[in-house]
Amino acid sequence: DSKIHSRFVTMNISSINADFRKFKAEIDADINGLALKGNIDLGNDSELTSINRADMTLGTGKITAVGGLFNDNIFDIHATAEDLNLKELISMFPDVLISGDFDGGLNFNLDVTGTKESPRVFGSIDYKGTKIYALPVERMSANYNYSVSDNMLMMNNIQASVISIPVQGEISAMNLFSDDA
């Protein structure tokens, strides 16, 4: 058993069985008490770096990913998460967030395309539960698109129920990840 500790996270590693010739690993660990288990199969040659397949469980949820950074620095990555429990996820960061302020399940799809210099991240998110940041949010779904080169997040087709009031629309935000924000 091994332990990795930082200001926010303690990761206990029960086992990592790896074949570095084939870049495959089987992981059994926990992050601040939340179980992380599964298999990762990576590829790497002179032409590409890829996730041949990643199948992981995080708490009661499941995460899968395929794709990579291919010839000419082109991204093509697809990931999905199913049944992620917000209370479990937030409990991984007890010094930052209060897990009691969150309750519900989260599903999402994430795609990364574009070039290494100008990637584009987009997908969809679907939440059902009782609260987010202690606000009574029963459900929320949306499509999102983040442009790294423009440093702009756009969310559209927002459908939500907050305090049992239906909410619809779209939102955008710029300079989320810059010193100017």
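Placed above this text is the structure.
Given the structure is predicted, the values throughout are model-derived calculations rather than measurements. (Residues numbered from 1 in each chain as written. Predicted model: local features only at pLDDT ≥ 70, side-chain atom pairs only at ≥ 80, totals over all residues. Heavy atoms only, no water.)

A. A look at the layout of surface pockets. Of the volumes computed, that of the largest pocket is approximately 290 Å³. For the lining of the largest pocket, the secondary structure elements donating two or more residues are helix H1 (86–91), strand E9 (119–131) and strand E10 (137–147). Partitioned by chemical class, the residues of the lining of the largest pocket number 13 nonpolar, no polar and no charged. (1 Å grid on protein atoms, 1.4 Å probe; cavity = no way out; pocket = protein on both sides within 12 Å on 5 of 7 lines; lining within 4 Å. Points joined across faces, edges and corners; volume = space filled by probe spheres on them. Helix = DSSP H or I, 4+ residues; strand = E, 2+ residues; numbered from the N terminus. Nonpolar A, V, L, I, M, F, W, Y, C, P; charged D, E, K, R; others polar.)

B. Region of interest: the packing of aromatic side chains. Per the stated rule, a full pass over the model turns up 1 aromatic pair. Residue placement shows Arg 120 over the ring face of Phe 122; its charged tip is 4.2 Å from the ring centre. (Phe/Tyr/Trp six-rings, centres within 6.5 Å; stacked < 30°, edge-to-face > 60°. Lys NZ or Arg CZ within 6 Å of the ring centre and 35° of its normal.)

C. How the structure looks around the pattern of salt bridges. What the rule picks out here adds up to 3 salt bridges. Asp 55 is the salt-bridge partner of Arg 53, the closest N and O atoms lying 3.1 Å from each other. Assessed through its relative accessible area of 40%, Arg 53 is described here as partly exposed. Among the salt bridges present, the one from Asp 126 reaches Lys 128, with a minimum N-O distance of 3.3 Å. (Salt bridge = Lys/Arg side-chain N within 4 Å of Asp/Glu carboxyl O. Buried < 20%, exposed > 50% of the residue type's maximum accessible area, 1.4 Å probe, protein only.)

D. Expanded view of the pairing of E10. Here E9 pairs with E10 via 9 bridges, running antiparallel. What sits directly across from Phe 122, in E10, is Asn 145. In textbook terms, the turn of a hairpin is the stretch between consecutive antiparallel strands, and for E9 and E10 this stretch comprises 5 residues, one of which, Tyr 133, has a positive phi near 50 degrees. Here 9 bridges tie E10 to strand E11 (residues 152–162), and the two strands are oriented antiparallel to one another. Note on E11: the bridge partner recorded for Ser 141 is Gln 159. Between E10 and the antiparallel strand that follows it, E11, lie 4 residues; Asn 151 among them carries a positive phi value of about 50 degrees. (Pairing = 2+ DSSP bridges.)

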